[in-house]
Every structure is written in C-alpha cells, then in structure tokens.
Amino acid sequence: MSAATKSERALPWALVTPALGWTLLFFVLPFVAMAVSSLTAHEAGGFTLSNYSQFFANPSYWQAMVNSLQVTAIVTVISVLLAYPFAWILAEQVPERWQRLALMLAVLPFWTSYVVRSYSWLLVLAQNGVVNRALTGSGVFGEPLQLANTRLATVTGFVHFFVMLLTLTIFANLKQLSPSYRKAAADLGAGPVRTFLHVVLPLTLPGIMVGAFLTFVLCIGDYITPQILGGNNELLMPQLVMMQIGRRGDFPLASALSIILMAVVTIAYLACARWLKIERA
Amino acid sequence: MSVNPKTPNPTVRNPLSVLKSRLQGACAAAALLLAAGSLAQAQDLNALIWCDHADPALLQPFEETNGVKVNVKEFEGTGAGLAIVEQSQPGDWDVMVIDSIDIPRGVEKGLFEPLPEDKLPLADLFPQVKMDSSTVVNGKRYGITEKFGYNTIGYNKTKVDPADMQSLAALTGDKYKGKIAIYDYYLPVIGMAALAIGKKTAELTEADLPAIKEELLKMKANAKLVGEVTASQTALATGEVDILVGGGEWVTAGLAKENPALDFSIPKEGAVLWSQSLAMFKDSKNKELALKFIQYIMSPEGQARLATSSCYWGMPANSKAALSDEQKKILRFDEQPEFLARAQSYPAPNADLDKKMQDVWTEMLQAQ
C-alpha cells in the first residue's frame, strides 16, 4: 500500500475522530457510568437489580411513566395540529419577502428564557391572571377556573414551546416541496383538498415526524415545565428522577429510572424510524 | 493597532512557525492565569451553602475584614450537597451548610472536622436548637446550629380566620378546600401530618406510615398545589392560595414589608422545628479561615445578617443576634420560648424509613 493511499485512508478517520471523541467522552462514558450506577445498591454498594424492580413494583413509579407518556402524547398531537396550518400559512400564503420576518416573529418566544416563559404562563393562568380575569369579566364564568398548577397548564407551556419547533421543521419541508407536484395533481384533475391529502401531506410527513419525534424526546425528558406549571399535582418521570437525588442522594435509583426513560425514547425512535423510514430522510 | 514606520519590514514567516509561537504565548498566558488562580485559591474560602449564605450583605463584611474571597456554591438537599463533595477533590471545600439532622451522615462518610467548642458561642444559643443529638457524634461536636424556624401553617390573615390556624385540623376540613398549598418537602410535612394524628415526630416508625399517609391524602385533597420554595411562596404571596402547609417565618417574614397580611401560627398540636448547621471539612486547607467564618456567622452581627438574608429569613440560633426591634417583631423573637416549647423535632429517620417516607410522599403526589 502506498503512502498516499494510507494517508487517504487515514484522513476520514482523522476528520471523524474529534466527533467520536466528543461522543465517547460526553455520551458513551456518562451512559456507561449511569448504567453501572443503576445496577449498584444505594449506600451499601454491590450489584443489585432492585433499582429496576422497584420501578415495576411501585405503582406510583409506574404512574409517573404513564403520566409522562400521556402528557407527551397530548403535547405532540396538539403541537402538530397547530404547527402544520401555521407552517403552511407561512410557506404558502405569506409573500416570499415577508416570510423571513414572519418566521422571526414566529420564533420570537425562543428568545426568552425557558424558565421565565414558564413562570410567565403561571402568572397568565393564575387565579388572578389574564385568562381568568377575561373569563370572569366577560361573564363566561362566575368564578375563576383552576388553570395554573394543573396538567392543562403543563400542556399549555409545552405546546407554546413545541409549536415553534414543529413550525420550523414543517416549514422547511414545505419549502422544499416542488410546485410541480401540485401542478401535476391539478393537471390530473385533483382539487386542492385531494392534492393536499394525497400529495402534500404524504410528502411532508417526514418533516412532521422529525418534528414530532423531537417534541416527544424533549417533552418526555423535561423537568422544568411540569415542575413550575403542574403544581406537583401529579409526578412525571423527570420529577421522579430528581426526587431521588435531592435529599437522599439515591443516584442508583435515579440512574435506573433515567435508563428506563431512555429505553422508552429508544422504542419511540425505532417505531418512528421503521414506520416512516426517517433514517433515510 | 498602528505600525511604527521605523520598524524594519518583518520577514515573511512560515505560517506554522507563527502558529507555534502563538500557541507558546497562549500556553504561557494560560500558565500565568492558572498560577494566579491557584494563588487566589489558597487565600479563598470555599463554601457549600444554601441560598441564604449567598447574600452579599452577609459575606462582604467577612471578606473585607479578613481580606479574603468567599467562593460559594449553592445546593438544595443533603444528597445533592454530598454528591458535590464526592465529585470534588479532598480539600476543595472548607465549610458546608447542612440540615442539622444530617450531620451524622457527613460524619459517617468521614467528611467533617470536629469543631472547638471553646471557640464558639454555644452558651448563647437557644438551648432547644443546639441539637446535640445530631451535631455531636461520639462526644465530638461536628456542627453548630446557625439558623432555625418552623414548618407549620403560613397564612394570609386577611383571608382566613387566624383562630382556625391554631389547629392542624383546619388543613383537612372543608372550609379552606382549594385554598391550600403544601410545601414540597416530605420530612417536615410528614412531621406535620404526624402531629395532626397525635404522634411524636421523634418516635415515628414504619407502623405509623399508613395513618400518616391517610392524613397526607386528606391534605392533598384540599390542596391546590404542592410546590417547592419559590412556587409555594409565590402562591401565598399572589393570593393563589391563602394557607401554606409547612410554611412559617421562612416564607412570611421576608415578605412582611410587601405583604404584612402574611403570618404564621404554631398550632395547638405543635410545629416541626427545622434547623440548619455549619460544619467544617476535615480536608479543608484553610481550617483557620474556616473557623473564622463559622465564628463570624455565629457572631451577633453575622447572625442578624443571616437571619434576614435576602433569600429567606429565619430565626438566628444565637439569642444575642444584633437584630433591630422591627426585625425581631417580624420574626416574633420574643415569642420563641413559647414556640420552642411547643415545637417538635424534625423527623430524622434512618435510611430505610427515610426511603419509605419518600415513597409515601410519592404516593401522595400521585393521588388524584
């Protein structure tokens, strides 16, 4: 093998080494440490599976997973339903020269801190907040509703954030769609609704699924929003994980719960990848 | 940057040699910075603290008097604090603020240095908060109580009948349903539930947990939210709720100026006494400075500043704290002997019971 060939073969490895090193250092090693910790008995040390068996034996822990999945599913569906028309209006109805500004306005809430945004929602939804004042002031309801510190508040906070994220992924997908597809469909006699259902929607599904998967992953692992807006009236998995650390410092149980959560995310990924083939997108 | 016209034209240099010389320069600068950093570190005090110790009004006088810098790192929960220590190098930390009941945990791990009792104002402390059962291990003092207060009923006296707040039964009755928040920390609120059913907090066993759980579920059914410090404080201050289970002077005193309607009671069943202590690390490289810091915090001036910290107020452990009359009134300083007589100790379960208590708390949170 010539020196030139050797160097040609070494170059890709040299280029990819920093990324591999980064992944090894900041993902693989912490993950292995977490996996080892999850198999260790708290305080006493030594191998144990009890951290995992606790999750399956304790209905409150199970309930946290059920709550997390329910909230995540609701948030993902509502976010897609709101983001798609929004992205479509931006891509199709807003003149090209205004699209940049419109997009910027759409993602404006991203510019504020996530925590500040969550506390702002708490004030908006509070008993004396804008929403309740509007509802009682207009006579729709005689008494203020309990909006803050509920699952509804958690979902609202999440949807506000994820609609922006999904709008961006769907908008990008819509913009990549060649107008020829729609023209061809029209030539073949399809009306706007049929064109949308049979041409545009299937072709933008990868964008929807990528956005939905990102929403799922970010939502199911989020601690801040349910903690601030949910009022701890139900526990989600990230809150359950944090609870093990605070006073007792039970890192093994926290690690086991985190790995179970990661397993669920992995299953969701595999499901998305298999059904929608986003790995080839 | 201007170029001196008298300077001879520089020779065109190999880019690699330029890069090399710049890297050498950068390394030299970094080495200098590190050296300066380590020098500064030797003169610094590194403290693992709760948020009340981060107040500049508390730290600055000590820093100026001793010509040192106090580096602080905040944490919440003993487990999180001990995890920080475990992930650090021995000697990284000099002092730590810790729940008084958790001092034995640190001693078991071999973290703390015995404190010289003759150099601390132990005689000036309120006797009930010295907590010798926790702060003294095997005859040696490893911690000193610096601040205390009560997990009890915090309330808005313009919205509820203060007479109702004299009994824990008000928390589970129908009168204030939907007007209650619960402080999200299992030990003190479990202590309050125990008091409500006539149990002594110092004698809780696993057999008491079913009855405690039942009481907690009744409280939850009446509650609008279960919130950590900021959330529960905000809920009470904004009128979202009128009563905070587990609240006390640590919630109401700091807000007294903005909202004088907030108050707390020590109900007839009693309240849970919380206390925080200072401990010195065995591996501290600045033990002399660490002791000076503890002495400062325990001095009448330091105690007054700590008691009225911007993060949260609380009673100073030193009865000679240099508080103003107004501050004493807000903290209900003169009523302390009576309060202390009725307060019960913070639950201090062993690891097994602690885990079971947390599981009961989890069940309560998940209950609909």
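Residues numbered from 1 in each chain as written. Chains lettered and ligands numbered in written order. Predicted model: local features only at pLDDT ≥ 70, side-chain atom pairs only at ≥ 80, totals over all residues.

(A) Seen up close, the overall build of chain A. Within chain A one finds 12 helices and 0 strands. Ordered by position from the N terminus, the helices and strands of chain A form the series α-α-α-α-α-α-α-α-α-α-α-α. Against the 2.2 N^0.38 benchmark of 19 Å for 281 residues, chain A shows a C-alpha radius of gyration of 24 Å, more extended than a compact globule. Across its three principal axes, chain A shows a C-alpha extent of roughly 85 × 70 × 30 Å. In chain A, which comprises 281 residues, the proportion classed as buried is 31%. In chain A, the share of contacts with a sequence separation of at least 24, taken over all contacts with a separation of at least 6, comes to 72%. (Helix = DSSP H or I, 4+ residues; strand = E, 2+ residues; numbered from the N terminus. Rg over C-alpha atoms; globule rule 2.2 N^0.38 Å. Buried ≥ 20, exposed ≤ 12 C-beta atoms within 10 Å, placed from the backbone. Contact = placed C-beta atoms within 7 Å.)

(B) Local environment of the confidence of the model for chain B. All names here are of chain B. Within chain B, residue pLDDT values average 89, and 89% of them lie at 70 or more. Of the regions scoring below 50 in pLDDT, residues 30-42 engages in 0 contacts with residues more than four places distant in sequence or in other chains. Listed scores for the predicted complex are pTM 0.84 and ipTM 0.84. (pLDDT = per-residue confidence, 0-100.)

(C) Structural view of the nonpolar core. In terms of nonpolar packing, the biggest core is built from 147 residues, with Val95 and Val245 of chain B touching the most fellow members. Broken down by element, the residue count for this core peaks at 11 residues, all from helix H7 (residues 151-176) of chain A. Taken domain by domain, this core gets at least three of its residues from each of domain 1 (42-148 + 275-329) and domain 2 (149-273 + 346-366) of chain B. Once residues within four sequence positions are removed from consideration, Val95 of chain B is found in contact with Ala47, Leu278, Ala279, Met280, Phe281, Ala290, Phe293 and Ile294 of chain B. (Core = buried A, V, L, I, M, F, W, Y, C linked by C-beta atoms within 7 Å. Domains from an automatic or database assignment.)

(D) Fine view of the packing of helix H5 (residues 114-125) of chain A against H7 of chain A. All names here are of chain A. Between H5 and H7, whose axes approach to 10 Å, the crossing angle comes to 130°. By the criterion of interaxial angle, the relationship of H5 to H7 is oblique. The chirality of how H5 crosses H7 is right-handed. Note on element contacts: H7 touches H5 through Ala153, Thr156 and Gly157, opposite Ser118, Trp121 and Leu125. Of the residues belonging to the contact of H5 with H7, the class tally is 3 nonpolar, 3 polar and no charged. (Axes fitted to C-alpha atoms, helices over the stretch in contact; angles between N-to-C directions. Parallel < 35°, antiparallel > 145°, perpendicular 65-115°, else oblique. Left-handed = near helix turned anticlockwise from the far one by under 90°. Nonpolar A, V, L, I, M, F, W, Y, C, P; charged D, E, K, R; others polar.)

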